[in-house]
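# Understanding the architecture of this molecule
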Amino acid sequence: PRYVHPVMAMHVSKDTRDKLSKWDMQLACITEKQKEGVMEMSAAATFRPLPVEIPLGICLGQDNTEVGEEPKIKVESVQQLNSWFDEVELEVHFEEERSYREYSKQLQNYSQQSQTLLTEVNKALELLEEMCEKHQSVSMKTGALYEACEKLVEDQTKLTNVAESITEKLSYFSELEKIGGKLNTPTLSATSDSFVGILARLDECIGFIENHSHYKESLTYLLRFKHYQSKALGFVKQHVVHTLRHTTQSVLPKQGEVLSENSYAQFYGKFRTSAPKIKMLMREIELRTEKAFEYATLLHDCHQCYVSQRALLLSPTVNATIEELKKIHGTNYSGLVRAGCNFLSRVCQDEYQLFFHFFTDNSSSLSGLLEMMCYSLYDALRPVVIHINHLETLADMCSILQVEILEDRVKEKENELATFGMIITQLLEDVKQRLVFRAERYIYSDIRNYVPAPGDLAYPEKLTIAADAQQLENTSDSDSVFNTSEVEDDESAPRKQKPRKTRAVVDMQAMWYPTLRRSLVCLSKLYRCLDKPVFEGLAQDALNECVASLQSASASIQSKKTQLDGQLFLIKHLLILREQIAAFDVDFCVTDVRLDFSKTKAAAFGLLKKKSRIFSLGGNNAFLEFFLEGIPEVVESQLDSKREVDAKLKLVCEQLISQVSSSLTLPLKRLVTKFEVIQELAVKDGIDMKSLLRRQPFSKAGSLHYSLFVILSNNYR
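This part is about the overall build of the protein chain. Looking only at helices and strands, the protein chain features 25 helices and two strands. By residue count, 29% of the 717 residues in the protein chain fall in the buried class. Relative to all contacts within the protein chain whose residues are 6 or more apart in sequence, the contacts with residues 24 or more apart total 74%.

This is the structure in C-alpha cells:
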C-alpha cells in the first residue's frame, strides 16, 4: 500500500479525491490543441532533472538513516518518486501553514478564554444589575428623604421669616410704651440728644400703622402715637417760643429809653447767640413738613412767633428812626429818600440773614415782616411825595430810587432785598405819577399860558446888548490874562476858565425865550425818569405848546417891531429847539386814537327820515340799517413833533427868504420897470430909445448912483 502522511491523510479526504478524478474525467474539458500542449508539457516534464536539494544517495538508493531519524524511503520508480514528491510537497505546505495553524490554535485558545471571560462578565453584569436595582431603590428612598428634609427646612425658613416679620411688625406697636416712657421723663427737653431720635421713631411708627390700617387695634395705636407726636412737637414749640420771647425781652428797650448806637447790634447779637439750637430743631421739622401736616403747622407757628417777636422789637424802632430822619432832613426830600432807603435796606438785609440763622428754608412770613417794615417807610414818604410841586425835586427822587437804590443796591442783593425792591418800585411809580401830573400842570401853566414880559419881546435889542457885553467881557478877560500871567501857575488856569465857560452857556440860555428854556429844562428832567412811552407823550405836548408860544411871541414882535425881526426870532428859537431835542434818543411820535362819529350822525339823521320803516320786518328795517351803518370808526393818526418843528422851520425860512429877497431887489425892480415902460413907448412912437432914455430924470447919473446906493445899503444891512 501507498504511504500516506498523517497530515496528508487528514487533508486529502475521499471527497477530495473524487472531485479530482471528476476534474480529470469530466470537469476539465479541454480541446485537442490543449491536450497536445499538455502532452508536450508531460513529455518535457518526464526528462526534468532532479532538484538540487535532493541528496544523490536517495536517488541511488543509499541508506542514509541515522540514529534518531525516520527511516529513509527507497525510491525505485517514478511512481514512488511522485508519491514521495507529493508527500514532500504536502510537508512543505504543512510547514508553510504551521504559523497559521499555530495562530489558529492561539485564536482558539483566545476564543475559549474570551468565552470564559464573557461568561464571567455576564455574571458580573447580572450582579451589577442587581446592585443597580438596589442602588436605585436606595436612591429613591434617599431622594424622598432629601425632599422631605428640604421641605422641612423650607417650612422652618418660612416659619422663621413669619416670626421675624411678626416680630418686626410688633416692634412698631411695642415702641408705644417705650416712647411714652421717654416722653414722660422729667429731664427730657427739645434740646436733648435723644429727642430727634424719638421724633424719627414716632414718624416711622405712625407711617407703618397708617400703611397697615387693617391690623387689629391699629386705629387705637395710631391715636396714641399721634398724641405722643403732638406732645413732642409741643416741647419743640414751647422751647422755640420761650427762647424767642426771652431773647426779645432781654433786648427790648424800656419805655422812654433813648436808643443808643449799639441798640441795633444788640437786636441781632443776642438773637444770633440763641439761634444754633433752634436751627437744629427747625431743620428736622422742615425735613418732615411734606410727610405730616402737624410739622407744617408747627413750622408755621414758629415762623409766626419769630415774626411777631421781631416786629415787636423792630417796628417802634424803625418808625422812630424814620421820624427822626424826617426831622433831620426837613425839606431836603431827596436826602430824606436816600437816607430812609439806605437805612431800611440795611435793616432788610440784616433781618434776612438773621432769619436764616434760625431756619433753613425761606418763608412767606419773612416776606410779610420785611413788607411791614418797608411799608413804614412807604407810608412816611408817600404824603411827602404827594405834596411836592417842584419838578426838579421829583426828578431827583426818581433818579435816587431808580439808579442808586434799585439798580445799584437791590440788583446786587436780589434775594435779600426782593421785598424791599418791590415796595421801592411801588414808591417809584408813585413818584413818577406825581412827576407826570406836575409836568402836565407845568406845561399848561408855565408854557401854554405864559404871559411874556416886555423884556422877553425886546428883540433885537437883547441880542445887541448881549453882543456888546460879550465883546466887553472878552476884552476884560484878555487884559486880566496878560496882567496875571506872571503870578498864576498852570494849575489855576483851568479853574479860572471853567466858570467863564459855564457863565457863557448860562448867559446864552438866558437869551432864549422863557417857554423854550422851560420846555427843554422840563424834558431834560423827565427824560431819565419816565418810561419811554410816557415821556414821548409829555414831550409831544411840551413841544406843541412851546412851538405855539414861540409863534405867538413872533407875532407880537412883528406887530411891535418889523416882520423881519419876528421871523428871525422864530427861526432862531426853532433851530435851538430842533438842535436840543436831537439829543433825546426817543421818537417824538405819538399815535392818536379817536372815534369818528360822522357815520353815526349820518345814520341817526337817516333813522329820523325813515320813521315809516322802523317796525318793518323785512331787510330794510330802519333800526337794522342804523346799527349796521352807524358804527363809529376808529381813526389813528401819527403826531410827530420833530417833523412839525422841521415843517414850521422850513415854512418860516421860506417866508423870510421871500421877504428879504423882495425887499433887497425892490429898487432894482422899480428901475427895471421904468426902463421897460420907456422901451415900450419908444417902440410905439418909433423914437430912438437911447435919446428918449437920456431925457428921463431917473436915467441921470445921480439918480442911478442913488438907486445903486440904496440897493447896496440894503444888502449890507
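Enumeration over the complete set of coordinates arrives at 18 aromatic pairs. Between F195 and F235 the ring centres are 6.5 Å apart and the planes differ by 45 degrees, which places this aromatic pair in the tilted class. Here F235 lies in helix α8 (residues 218-251) and F195 lies in helix α7 (residues 195-211), a separation of 40 residues in the sequence. Residue classification places F195 among the buried positions, given a relative accessible area of 0%. The class for F235 is partly exposed, based on a relative accessible area of 22%. Grouped by ring-pair contacts, the aromatic residues F271, Y306, Y352, F355, F356, F358 and F359 constitute a single cluster. Geometry around F94 places R101 over its ring, the cationic atom sitting 3.3 Å from the centre. The cationic tip of R310 hangs over the ring face of F271; the distance from NZ or CZ to the ring centre is 4.5 Å.

A few words now on a nonpolar patch on the surface. A contiguous nonpolar surface patch, about 550 Å² in accessible area, is contributed by L117, L118, V121, L125, L128 and M131. Mapping L125 onto the fold places it in helix α6 (residues 98-183). Note on L125: relative accessible area 42%, which makes it partly exposed.

This next bit is on the side chain of E175. Within the element layout of this structure, E175 appears in helix α6. When its relative accessible area of 16% is taken as the criterion, E175 is described as buried. Dropping the residues within four chain positions of it, E175 is found in contact with R201, C205 and F225.

Let's shift gears to the nonpolar core. By size, the foremost hydrophobic cluster in this structure holds 128 residues, and its most contacted members are M282, L344, F358, F420 and L577. No other element matches the 13 residues that helix α11 (residues 293-329) contributes to this core. Every residue in contact with L577, bar those within four places of it in the chain, is listed here: L516, L520, L543, C546, V547 and V645.

On to the confidence of the model for the protein chain, then. Summary statistics for the protein chain give a mean pLDDT of 78 and a share of 75% for residues scoring 70 or more. Taken as a whole, residues 56-68 scores under 50 in pLDDT and shows 10 contacts with residues more than four places along the chain or in a different chain. In this model, residues 478-506 is a region of pLDDT below 50 whose contacts with residues beyond four sequence positions or in other chains number three contacts.

What follows is about α7. The terminal C-alpha atoms of α7 lie 25 Å apart, and with 17 residues this matches the ideal 24 Å at 1.5 Å per residue to within 8%. Every buried residue of α7 is listed here: F195, I198, L199, L202, C205, I206, F208 and I209. In this structure, the buried side of α7 is in contact with α6, α8, α10 (275-287) and α11.

The subject of this paragraph is the pattern of salt bridges. In the structure shown here, the tally under the stated rule is 18 salt bridges. It is possible to trace a salt-bridge network through shared partners that takes in E175, R201 and E204.

Along the polypeptide, D430 turns up in helix α15 (residues 418-448). Residue contacts for D430: discarding those within four places in its chain leaves Y378, R382 and V385.

Look at α6 against α7: their axes get within 10 Å of each other, and the N-to-C directions meet at 140 degrees. The handedness of the crossing between α6 and α7 comes out as left-handed. Across the interface between the two elements, K169, S171, Y172, F173, E175, I179, K182 and L183 from α6 touch I198, R201, L202, E204, C205, F208 and I209 from α7. Its residues assigned to classes, the contact of α6 with α7 comprises nine nonpolar, one polar and five charged.

Moving on: the packing of α8 against α11. Interaxial distance between α8 and α11 falls to 10 Å at its minimum, and their mutual angle equals 10 degrees. One finds that α8 runs roughly parallel with respect to α11. In contact with K226, Q229, L233, V236, K237, V240, V241, L244, R245, T248 and V251 of α8, α11 contributes E294, Y295, L298, D301, C302, C305, Y306, Q309, L312 and L313. Partitioning the contact of α8 with α11 into residue classes produces 13 nonpolar, three polar and five charged.

Thresholds, definitions, all that
- Residues numbered from 1 in each chain as written.
- Predicted model: local features only at pLDDT ≥ 70, side-chain atom pairs only at ≥ 80, totals over all residues.
- Heavy atoms only, no water.
- Helix = DSSP H or I, 4+ residues; strand = E, 2+ residues; numbered from the N terminus.
- Buried < 20%, exposed > 50% of the residue type's maximum accessible area, 1.4 Å probe, protein only.
- Contact = heavy atoms within 4.5 Å.
- Phe/Tyr/Trp six-rings, centres within 6.5 Å; stacked < 30°, edge-to-face > 60°.
- Lys NZ or Arg CZ within 6 Å of the ring centre and 35° of its normal.
- Patch = residues over 30% accessible without salt bridge, like charges linked within 9 Å, V, L, I, M, F, W, Y side chains within 5 Å.
- Areas by Shrake-Rupley, 256 points an atom, 1.4 Å probe, with all protein chains shown as cover.
- Salt bridge = Lys/Arg side-chain N within 4 Å of Asp/Glu carboxyl O.
- Core = buried A, V, L, I, M, F, W, Y, C linked by side-chain atoms within 4.5 Å.
- pLDDT = per-residue confidence, 0-100.
- Expected span 1.5 Å × (residues − 1).
- Axes fitted to C-alpha atoms, helices over the stretch in contact; angles between N-to-C directions.
- Left-handed = near helix turned anticlockwise from the far one by under 90°.
- Nonpolar A, V, L, I, M, F, W, Y, C, P; charged D, E, K, R; others polar.
- Parallel < 35°, antiparallel > 145°, perpendicular 65-115°, else oblique.

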